[in-house]
Amino acid sequence: MNNTSSELDEFRQQWKQEVQRKSVPLPADSPFATPPSSPPLKPNKQDQVDGQLSAIDNYVMAMDMERMGQLGQALLHYRQAFKLDPDVDRAYRKLNLAEPSASANTRQCDPLVAIATADGSDIRTLLGHSHYEQTSNTVAAGDGDPLDALVREFLHQDISYIPRLDYKPLAIAKLPDELLVHVLGHLVLHSVSSVAAFALVCKRFFLATRSASLWRHACEHMFRTPGMTLEQSRQHQAVFVNSMYDGYWFRMFIERPRLRFDGVYISVCQYTRPGISDNSWIHPVQLVTYYRYLRFFPDGTMIKYLSTDQPADVVRLLTSDFSRRQVFHGRFRIEDSGEVWVEMRDQTRPRDRFQMALCIKSTSRGRHNKMGWTSYVSQKDGREEVTTYDLNSMRPYFFSVVRHYRNAL
């Protein structure tokens, strides 16, 4: 009998020690741990009704028990909380954001602001414009950024990451904002539309896409002319943005004409010609459609192709080594005003040199997606005669994105 009692006491001690070991708080990186952005709140006694805990209190106690490893009790309180209020998680989030401990005066400097102001400039350079506080008349006139009011509103709000589910950690919260802007710098060179979609996720992402360092990086690469080193481009773009755009890099990226290398410029041309008929009373007319394809490469080379084939069958063929009849290879240069000068040759006509001048324009569908003709001439080697082509028969080029094209900036 005594042996049985001692064995029972020993089993109870082992069981207590095992329970205590399981009650150790979970580490911060545990998937069941509450993220640091959601500190626990004290139960509010004023919300207790008839001696019962309110939905918020049950929710808070459930999170506390979850931290201590008491998952069974935590599950019971979670069920009770959502039974009293199906939207208790949203109510808790609102109550957590309203805590006075996160006042703007006691916050530390945002790393995103620190990197954007590393050169000692004002915090407004985070927005890409040192004079973003403009009057309503300036914005109404179209000279300012229409999103300045939204940016100023976000700067006075809490921009910390908020998890959709409080018990799930946010991996993006561990990524420093400096690296986030650095990743966006690579993304903007390949797909500007992806940066716009990224800004729609949350306020912090939106402010990251307004960083001056991001758009300066984009301008230094996209406006670099062939033969210009990156260091030369940085010096040239810095002078140009200060003289023409008041130091506003984002505005320069939007408004300054530029060539795009992630697609092809297509001109759709049509003409009519008489058909053939066995009946003298019938005179058929044929409508012929052909296309002019124009693709530019970052190294200063270009290719022009004239064909009746549809764009879907041609765009994959337009590489720098593409060779076929009616294929022109050459080089181009672009002026700051948006004029593009092209000199090219046709391999089937080696003595002829073709020169054309185009002007980058914008349409209602987008900016800088159209190229109009300015001049088009040809000249034979060793001769002074110049043949000028009629521009009335030349249709403008319109840009079309090709997904498999990749920028090599």
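Cut-offs and rules
Residues numbered from 1 in each chain as written. Predicted model: local features only at pLDDT ≥ 70, side-chain atom pairs only at ≥ 80, totals over all residues. Heavy atoms only, no water. Pairing = 2+ DSSP bridges. Helix = DSSP H or I, 4+ residues; strand = E, 2+ residues; numbered from the N terminus. Buried < 20%, exposed > 50% of the residue type's maximum accessible area, 1.4 Å probe, protein only. Core = buried A, V, L, I, M, F, W, Y, C linked by side-chain atoms within 4.5 Å. pLDDT = per-residue confidence, 0-100. Contact = heavy atoms within 4.5 Å. Phe/Tyr/Trp six-rings, centres within 6.5 Å; stacked < 30°, edge-to-face > 60°. Polar contact = N/O pair within 3.5 Å; in protein donor to acceptor, adjacent residues only side chain to side chain. Salt bridge = Lys/Arg side-chain N within 4 Å of Asp/Glu carboxyl O. Expected span 1.5 Å × (residues − 1). Arc of directions from axis to C-beta.

Student: Any chance you could explain the pairing of strand β6 (residues 349–363) here in plain terms?
Tutor: The pairing of strand β5 (residues 339–346) with β6 spans 7 bridges and is antiparallel. Pairing of Val 342 across the sheet is with Met 356, part of β6. Hairpin connection from β5 to β6: 2 residues lie between these consecutive antiparallel strands. By the bridge criterion, 11 bridges tie β6 to strand β7 (residues 366–380) in an arrangement that is antiparallel. Within β7, the residue paired with Met 356 across the bridge is Tyr 376. Between β6 and β7, which pair antiparallel and follow one another directly, the connecting turn spans 2 residues.

Student: What should I look at first to understand unusual backbone geometry in this one?
Tutor: Negative phi characterises most residues that are not glycine, and trans characterises most peptide bonds. Of note in the backbone geometry, Asp 246 takes a positive phi value of approximately 55° without being a glycine. The residue Asp 246 is located in the loop between α12 (230–244) and α13 (249–255) in this model. Residue Asp 246 is classed as partly exposed on the basis of its relative accessible area of 44%. With a phi angle near 65°, Gln 326 is a residue other than glycine that sits in the positive phi range. Here Gln 326 is to be found in the loop between α14 (311–314) and β4 (327–334). Overall, the relative accessible area of 29% leaves Gln 326 in the partly exposed class.

Student: Can you walk me through the nonpolar core in this structure?
Tutor: Looking at soluble globular proteins, one finds that nonpolar side chains tend to be buried together. Judged by nonpolar contacts, the single largest core of 24 residues is most densely connected at Val 188, Trp 215 and Met 252. Contributing elements (two or more residues each) for this core: α8 (177–190), α9 (192–199), α10 (203–208), α11 (212–222), α12 and α13. In terms of nonpolar packing, the next biggest core, distinct from the first, is built from 21 residues, Phe 261, Val 342, Phe 354 and Tyr 397 among them.

Student: Help me out: how do you make sense of the confidence of the model for the protein chain in this one?
Tutor: Regions with low pLDDT carry predicted coordinates that are not meant to be interpreted in detail. On average, residues of the protein chain score 77 in pLDDT, and 77% of them are at 70 or above. In the model, residues 23–51 has pLDDT below 50 throughout and makes 49 contacts with residues more than four positions away in sequence or in other chains. This model gives residues 100–142 a pLDDT under 50, and the stretch forms 68 contacts once residues within four places in sequence are excluded.

Student: What should I look at first to understand the packing of aromatic side chains in this one?
Tutor: For any pair of aromatic rings, geometry is given as the distance between the ring centres together with the angle between the planes. Tallied over the entire structure, the rule returns 22 aromatic pairs. For the ring pair Phe 240 and Tyr 245, a centre distance of 6.1 Å and an interplane angle of 45° mean the geometry is tilted. For Phe 240, a relative accessible area of 12% gives the class buried. On the basis of an interplanar angle of 80° and a centroid distance of 5.8 Å, the ring pair of Tyr 265 and Phe 296 is categorised as edge-to-face. Here Phe 296 lies in strand β2 (residues 285–296) and Tyr 265 lies in strand β1 (residues 263–274), a separation of 31 residues in the sequence. Phe 296 matches Tyr 265 in its accessibility class, with the two residues each being buried.

Student: Explain the environment of Tyr 271 here, please?
Tutor: Tracing the backbone shows Tyr 271 in strand β1. Looking at Tyr 271, the relative accessible area reads 37%, which means it is partly exposed. Each residue touching Tyr 271, except ones within four places of it in the same chain, is listed here: Gln 286, Leu 287, Val 288 and Tyr 290.

Student: When you look at the side chain of Asp 352 in this model, what are you seeing that I'm missing?
Tutor: With respect to the element layout, Asp 352 can be found in strand β6. For Asp 352, a relative accessible area of 7% corresponds to the buried category. A polar contact of 2.8 Å, which involves the side chain of Asp 352, links it to the side chain of Lys 380.

Student: Explain the pattern of salt bridges to me, please; I cannot follow it from the model alone.
Tutor: Pairing between side chains of opposite charge can happen when their charged atoms approach one another. For the structure on display, the rule yields 13 salt bridges. Ionic pairing is found between Arg 216 and Glu 220, a salt bridge with its closest N-O pair at 3.1 Å. Taken together, the positions of Arg 216 and Glu 220, both in helix α11 and 4 residues apart, correspond to about one turn of that helix. Put simply, Lys 380 and Asp 352 hold a salt bridge, and the shortest N to O gap is 2.8 Å. A residue pair is termed long-range when its members are at least 10 positions apart, and Lys 380 in strand β7 and Asp 352 in strand β6 qualify at 28 residues. Residue class for Lys 380 comes out partly exposed when judged on its relative accessible area of 36%. Among the charged side chains, a salt-bridge network with shared partners connects Arg 216, Glu 220, Glu 231 and Arg 234.

Student: Is there a simple way to think about helix α3 (residues 71–84) in this case?
Tutor: Each α-helix turn comprises 3.6 residues. Residues three or four places apart therefore point the same way. For α3, built from 14 residues, the straight-helix expectation of 20 Å at 1.5 Å per residue is met to within 8% by its first-to-last C-alpha distance of 20 Å. Regarding α3, the residues found buried are Ala 74, His 77, Tyr 78 and Ala 81. Looking straight down α3, one finds that the buried residues subtend no more than 105° of arc, so they occupy a single side. Opposite the buried face of α3, by more than 90 degrees, sit the exposed residues Arg 79 and Lys 83.

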